[in-house]
Amino acid sequence: MMEKNGLIRFFEEHNRLLDPGALDLLLSQAHPLDLSRTILEEDREDIVITAKVVGRYLAGTRRPPEVPSFRMIAQGYSVPTRSAEPREAFHALFTDRFRRLHHLLRSRSELKNIVPVSSVAGHVGEEVSLIGMVKEVRSTKNRHLLLTLDDPSGETTVLVPADSPQSKEPFLPDEVVGLRLWVSKEEGKFARVKEVVRPGLSGGRTSGRSAKPSRTVFISDLHVGSKMFLHDSWDQLTAFLRGESVNPELAQEVRHVVIAGDLVDGIGIYPNQEKDLEITDIIEQYREFGRRMREIPSTVQIVAIPGNHDAVCPAEPQPPLANELLKLLPPNLEVVGNPSTFALDGVVVEAYHGRGFDDIIPNIPSARYERPTEVMKRMLAMRHLSPIFGDKIPLAPLARDGLVVDPVPDVLVTGHTHTSGEEVYRGVLLLNASAWIGETEYQRMRNVKPDPAQAYVVDLTNLGVTKLDFFGGPPKGAR
Ligand SMILES: [Fe+2]
């Protein structure tokens, strides 16, 4: 049963209001969230959703709407504005990021008396709050942190006392945070940070579950075309999906496979890659990938996103594959941009390849590639998948920041690290979906121990996870 407050918040997050009659009517339906999504998608005119509006949709359907097997909710990638010069375009990107994360933070009860960043210094002897984007983090010789933040009004520098709880969680450049501050009466002293509030997950958010038996297999990083592609493990996985292996009753319920990027190994991705390639032509790599996909039953819908090894622009968010490549792939495979948020039988999944790990991990001393879900929790806390500008990950200068996590998914899946991990964080299932390639030189160099050929099979009726290990032989971990 959906929570009343969750539904109200869902409409608020989409800048709509729900009148009490409409709320009661929605709550009386078997699938209030699905009906709400349909209304929001199709009705662009009514700011206030009344019982009459809901009734119109019910009359049109006469029964709860059929939940589609796959429904795109939001692609991170959007078409760039042609005329904008780079500086303007990046300004638009950061303005959009700030605006959307500010919207999430401004109603937080911890942040009382929110003032523009430029006016903080004028509130001497007061406790105020600000919402700002982290511009710079410095340490003083006494190990206090000096944090410079900006917002559209200007910038200010505040002090995070050494050894205070607020200094324990590192600040990342370009993340948006809320701060509760004490502005000292003494002249020349920096305002002190008393509390840090990150956008995080709103308490009563909505959640979707499938009403009928449905399972999704989550995998990632196939790297088809590499000499290290795990042919045997792949054959084991597809045999399982065809019901020719262990747990055929589990396989029978699989309606979707999600692949979180690096579909092929690509060419020219790193120096001397040629010596690691079995297939040296990019078109032939995708042709082979298409062949591999056809080994999955055609009744299973496959949803895939590109990664940094795929033949699309590397700046994030990435667009879907070009039509020329798509025509090599089977019709039951949908390639969408990286990241993308979509619903599978009513369960909202956000798939992100995960290159953001490469920027976030070096900035958080405790973060490790082997513990990907720890980093994913931080992504949700920031409500951003890869905020840092100008480091390793190129960001695409789009008018809408497609790396902002909105809406909050039921399942967040990443790849890229070639490790694996699962964890439930405040109701969101976090999955780092392993890889179908053996250990690479690059990983040996970075001392990252991969955990390949692991498939997560998720029951969409309850988000229960079965992990199947296809590495070196028939699946282990099967019931
Ligand atoms: Fe990869």
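Before reading on, note that the structure itself is shown above.
Rules of the game
Along each chain, residues carry numbers from 1 onward, in the same order as the chain's sequence is written. Reporting of local features is limited, given that this is a predicted model, to residues whose pLDDT is at least 70; pairs of side-chain atoms are given and counted only at 80 or more, and all residues count toward the totals for whole chains, interfaces and linings. Think of it this way: any DSSP run of H or I at least four residues long counts as a helix, any run of E at least two long counts as a strand, and we number them from the N terminus. Each radius of gyration is computed over the set of C-alpha atoms, and the globule rule expresses the reference value as 2.2 Å times the number of residues to the power 0.38. Exposed residues have 12 or fewer other C-beta atoms within 10 Å of their own C-beta, buried residues have 20 or more, and residues in between are partly exposed; the C-beta atoms are placed from the backbone. Should DSSP find at least two bridges between two strands, the strands are taken to pair. Between the N-to-C directions of two axes lies an angle of 0 to 180 degrees, each axis being a line fitted to C-alpha atoms and, for a helix, fitted only over the stretch in contact. Once C-beta atoms are placed from the backbone, any two residues with those atoms within 7 Å are in contact. The term nonpolar core refers to a set of buried Ala, Val, Leu, Ile, Met, Phe, Trp, Tyr and Cys residues connected through C-beta atoms within 7 Å. All domain edges in this entry derive from an automatic or database-based domain assignment.

Our focus in this paragraph is the overall build of the protein. When helices and strands are counted, the protein shows 13 helices and 19 strands. In terms of C-alpha radius of gyration, the protein reaches 24 Å, essentially the compact-globule figure of 23 Å for 479 residues. Seen through its C-alpha atoms, the protein measures out along the principal axes to roughly 75 × 60 × 50 Å. By the burial criterion, 42% of the 479 residues in the protein qualify as buried.

On to the sheet that holds strand β7 (residues 176-183), then. Remark on secondary structure: sheet strands pair via backbone hydrogen bonds, oriented parallel or antiparallel. The 5 strands lie next to each other as β4-β5-β6-β8-β7, forming a closed barrel whose pairing is mixed. Geometrically, the sheet is characterised by an average inter-axis angle of 55° between neighbouring strands, direction not taken into account. Both strand β5 (residues 145-151) and strand β6 (residues 154-160) contribute to a ladder of 7 bridges, which runs antiparallel. Across the sheet, residue L146 finds its bridge partner in β6, namely L159.

Most of helix α12 (residues 372-382) sits out of view: 8 of its 11 residues are buried. Where α12 is buried, its residues contact α11 (357-363), β15 (411-414), β16 (420-425) and β17 (428-433). In the stretch just after α12, R383 is the one whose phi turns positive, near 55°.

In this structure, P339 follows N338 across a cis peptide bond, with omega equal to 0°. Note that P339 resides in the loop between β12 (333-335) and β13 (340-344). Cis geometry is found at the peptide bond from D406 to P407, where omega equals 10°. Looking at where P407 falls in the secondary structure, it is placed in the loop between α12 and β15. Notably, H416 is not glycine yet its phi reads approximately 70°, a positive angle. Turning to its location among the elements, H416 is positioned in the loop between β15 and β16.

Our focus in this paragraph is the nonpolar core. Core analysis: the largest hydrophobic core is formed by 95 residues, its most contacted members being F218, V258, I259, V349 and V413. Split by domain, this core shows at least three residues from each of two domains, domain 2 (106-197) and domain 3 (215-469). Discounting residues that sit within four places of it in the chain, V258 has contacts with T216, F218, V303, V349, A351 and V413. Listed in part, the 10 residues of the second largest apolar core include L18, I39, I49 and V54.

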